[in-house]
Amino acid sequence: MSEKTSQPRAGAAPASFSGPCNGAESLVATLVASGVDVCFANPGTSEMHFVSALDRIPGMRPVLCLFEGVVTGAADGYARMAGKPACTLLHLGPGFANSMANLHNARRAQSPVVNIVGDHATSHERYDAPLNANVTGFAEAISHWVCRSRSPRTVAADAARAVQAARQAPGRVATLILPADTAWLPAERPAPRLEVCPASKVSEGAVDAAAEALRSGRKTAILMRGAVLHGDGLRTAGRIAAKTGATLFCDTFTPRLRGGAGSPVVERLAYRGKDILRRLDDFGQLLLVGAAPPVSFFAYPGQESWLTPPHCEILTLSHPHEDGNEALAALAEAVGAPATGAVAPFEPPVLPPPGPLTAESVMRTVAALLPENAIVTDEGITSTLPYTALLATAAPHDYLPLTGGSIGGILPLSTGAALAAPDRKVVCLEGDGSAMYTLQALWTQARERLDVVTVIYANRSYAVLNQELRLVQAASGGERARSLLDLHNPSLDWTRLAEGMGVPAVRAETTQAFAQAFAAALGQSGPRLIEAVV
Ligand SMILES: O=C(O)C(=O)c1ccccc1
């Protein structure tokens, strides 16, 4: 499946389903008719009619995940690569609550996601049975769109609207709550697909103002986010940069970036606020394309949270809900950009010399051996942030980092991305601390035979917090404080954890061992894990 996946026409009748149906059947048929054909699921009793409908309604691929955070993280990864939503299937308030951290990441990634959440039957609610909870309250806290179906007769229409809401630009989280009786009672019929509201057009005024600013001769940073970073817009931005001398940037936690040989070079903003301030100090203006002005990830005593220097004027070409690709095309024309701009050459780094493994030598090896058109997913935090520029001249790839800062996103995200792009290798760069949140994703990768090579940076610590402890100026150094940032005692055995879930794994402690293990993993299909001791 790719972004080119053909979508059913709006109004098209749901495929191969007619005759009497229950609410769950009308739901599944409507989702399929609306172009949603993958369901990441962790169901319970209240979702059994949905589960059973999957056998009668063709076209929906069910994927079992063993924790709800895996369900929603996978839906995020799927959406980032497929450019369309998968649905999730979640069980009641507690199941939804478990899913929320990765929904937060999906929301920050502007990924379209359709959540289907079962609830107790309407008649059962008043008895406050043990699993009773405020599902709507949980859903409203994190979704852009929430609907609780009132009757089996509206389930199909509600589902079509959920997909439409999720696909609204730039991508939204839509949650449909189904009391169990709306799933099991007779429904009318599936609903046809609804037209998706296209991204808004950017006004001519915004294009003219940006063109004038670029012509002023002031040094310009163009900060981009969203579809422009992996579609036509990226090439157009490269042409604009060639004409005007502007520098292209993306934010630190950008959802998806096309990178490597053949793409215009886009510099990823640093993590530390003071590094961003220093970098932007050079510029007289900051042009935003689907992005917001940069702010510090956390606040620190005595340090700036707002990271645009006072002398740097902020201009907006396009907002996230607007068509940035079209806006950049209009801007390229207005400034008289050439037909092509500069792109990165294919000059992968050389393999590191023999020696003990470090975070930097892992990235060097990954960049050196990266296969053409791989998907690189990244939640290595301290182990990867300083080194991702090494990927700039590697083989062409898509880069998918953590977006919302909620660690535990990337093993699930890699799972969903691999499912959306089965003909591409996924290389997942993951910290050991982060991996422990959602390691069940490995089991789904094994079960679905997904082509994911996971590299665990085993530094046996919440390494970022050792830095943060200093930055927030908290007194530190004591044994008790350090015990909360340290993952030794016992040390996690990643090869055994992975093998126990059906994923072949090896440990590497030297640069040679890592290069050998990485090359071998790339040469095989199906999931592999390398514990990189750094
Ligand atoms: O340090 C943190 O507290 C934190 O949550 C985080 C998450 C991702 C990247 C960096 C820090």
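So, how was this worked out
- Residues numbered from 1 in each chain as written.
- Predicted model: local features only at pLDDT ≥ 70, side-chain atom pairs only at ≥ 80, totals over all residues.
- Heavy atoms only, no water.
- UniProt positions renumbered as here; feature names shortened; annotations may be inferred.
- Helix = DSSP H or I, 4+ residues; strand = E, 2+ residues; numbered from the N terminus.
- Buried < 20%, exposed > 50% of the residue type's maximum accessible area, 1.4 Å probe, protein only.
- Contact = heavy atoms within 4.5 Å.
- Domains from an automatic or database assignment.
- Buried area = accessible area lost by both parts, 1.4 Å probe.
- Salt bridge = Lys/Arg side-chain N within 4 Å of Asp/Glu carboxyl O.
- Polar contact = N/O pair within 3.5 Å; in protein donor to acceptor, adjacent residues only side chain to side chain.
- Nonpolar A, V, L, I, M, F, W, Y, C, P; charged D, E, K, R; others polar.
- Near = heavy atom within 4 Å.
- Areas by Shrake-Rupley, 256 points an atom, 1.4 Å probe, with all protein chains shown as cover.
- Lys, Arg positive; Asp, Glu negative; His and termini not counted.
- Core = buried A, V, L, I, M, F, W, Y, C linked by side-chain atoms within 4.5 Å.
- pLDDT = per-residue confidence, 0-100.
- Pairing = 2+ DSSP bridges.

As annotated in an unreviewed UniProt entry, the chain is Benzoylformate decarboxylase from Solidesulfovibrio carbinoliphilus subsp. oakridgensis. Database annotation for the chain, UniProt heading Sequence similarities (unreviewed entry): "Belongs to the TPP enzyme family."

(A) Focus on the environment of Gly431. Residue placement: Gly431 occurs in strand 17 (residues 426-431). On the basis of relative accessibility, which here comes to 9%, the residue Gly431 falls in the buried class. For the pair Gly431 and Leu288, spaced 143 residues apart in sequence, the C-alpha separation works out to 31 Å. Residues within four places of Gly431 in sequence aside, it is in contact with Glu379, Gly380, Ile456 and Tyr457.

(B) Region of interest: the domain arrangement of the chain. Here the chain is described as being made up of domain 1 (21-187), domain 2 (204-335) and domain 3 (359-533). Its C-alpha centre places domain 2 at a distance of 29 Å from the equivalent point of domain 3. Between domain 2 and domain 3, a total of about 1800 Å² is buried, with carbon and sulfur atoms accounting for 52% of that surface. The closest approach of N and O atoms between Arg272 and Glu468, which form a salt bridge, is 3.1 Å. In this assembly, domain 2 and domain 3 are joined by 11 residue pairs in polar contact (both at pLDDT 80 or more). Tallied by class, the residues present in the side of domain 2 that touches domain 3 amount to nine nonpolar, six polar and five charged.

(C) Here's a closer look at the site of the ligand. Every residue close to the ligand is listed here: Tyr271, Phe297, Phe298, Ile381, Gly405, Val464, Leu465 and Glu468. When isolated, the ligand has an accessible area of 290 Å², and the protein chains bury 80% of it. Classifying every residue of the shell around the ligand gives six nonpolar, one polar and one charged. Of the residues that make up the shell around the ligand, three or more belong to each of domain 2 (204-335) and domain 3 (359-533).

(D) Seen up close, the pattern of salt bridges. All chains considered together, the criterion is met by 25 salt bridges. We note a salt bridge from Glu188 to Arg153, for which the minimum N-O separation is 2.9 Å. Of the two residues, Glu188 sits in the loop between strand 8 (186-187) and helix 8 (204-215) while Arg153 sits in helix 6 (residues 152-166), which places them 35 residues apart along the sequence. You can call Glu188 partly exposed: its relative accessible area is 37%. Connected through shared salt-bridge partners, Arg460, Asp493, Arg496, Arg507 and Glu531 make up one network.

(E) Local environment of the side chain of Asp378. Examined against the element boundaries, Asp378 turns out to sit in strand 15 (residues 374-379). Arg268 is the oppositely charged side chain nearest to the buried, salt-bridge-free Asp378, at an N-O distance of 4.2 Å. Among the polar contacts listed, one links the side chain of Asp378 to the backbone nitrogen of Gly380, at a separation of 2.8 Å.

(F) Expanded view of the nonpolar core. In terms of nonpolar packing, the biggest core is built from 56 residues, with Met224, Leu317, Leu331, Phe514 and Phe518 touching the most fellow members. Per element, the largest residue contribution to this core is six residues, and it comes from helix 8. Residue assignment places this core across two domains, with domain 2 (204-335) and domain 3 (359-533) each supplying three or more. In contact with Phe514, not counting residues within four places along its chain, are Leu357, Val362, Thr365, Val366, Val455, Ala508, Ile530 and Ala532.

(G) Region of interest: the confidence of the model for the chain. Taken over all residues, the pLDDT of the chain has a mean of 95, while the share at 70 or more is 96%. Here residues 1-6 is a poorly scored stretch, pLDDT under 50, and it has 15 contacts once near neighbours within four places are set aside; other chains count. Taken together, the chains of this predicted complex give a pTM of 0.96 and an interface ipTM of 0.94.

(H) Quick peek at the environment of Leu411. Residue placement: Leu411 occurs in helix 13 (residues 410-420). Ignoring sequence-local partners within four residues, the contact set of Leu411 consists of Cys428, Glu430, Ala435, Thr438, Leu439, Ala441, Gln445 and Thr454.

(I) Inspection of the sheet that holds strand 9 (residues 220-224) at higher detail. With parallel pairing, five strands are arranged side by side in an open sheet as 12-10-9-13-14. Looking at the sheet topology across the chains shown, the edges are occupied by strand 12 (267-268) and strand 14 (313-318). Bridge analysis of strand 9 against strand 13 (residues 285-289) gives five bridges, and the strand direction is parallel. In the sheet register, Ala221 faces strand 13, and the bridge partner there is Leu286.

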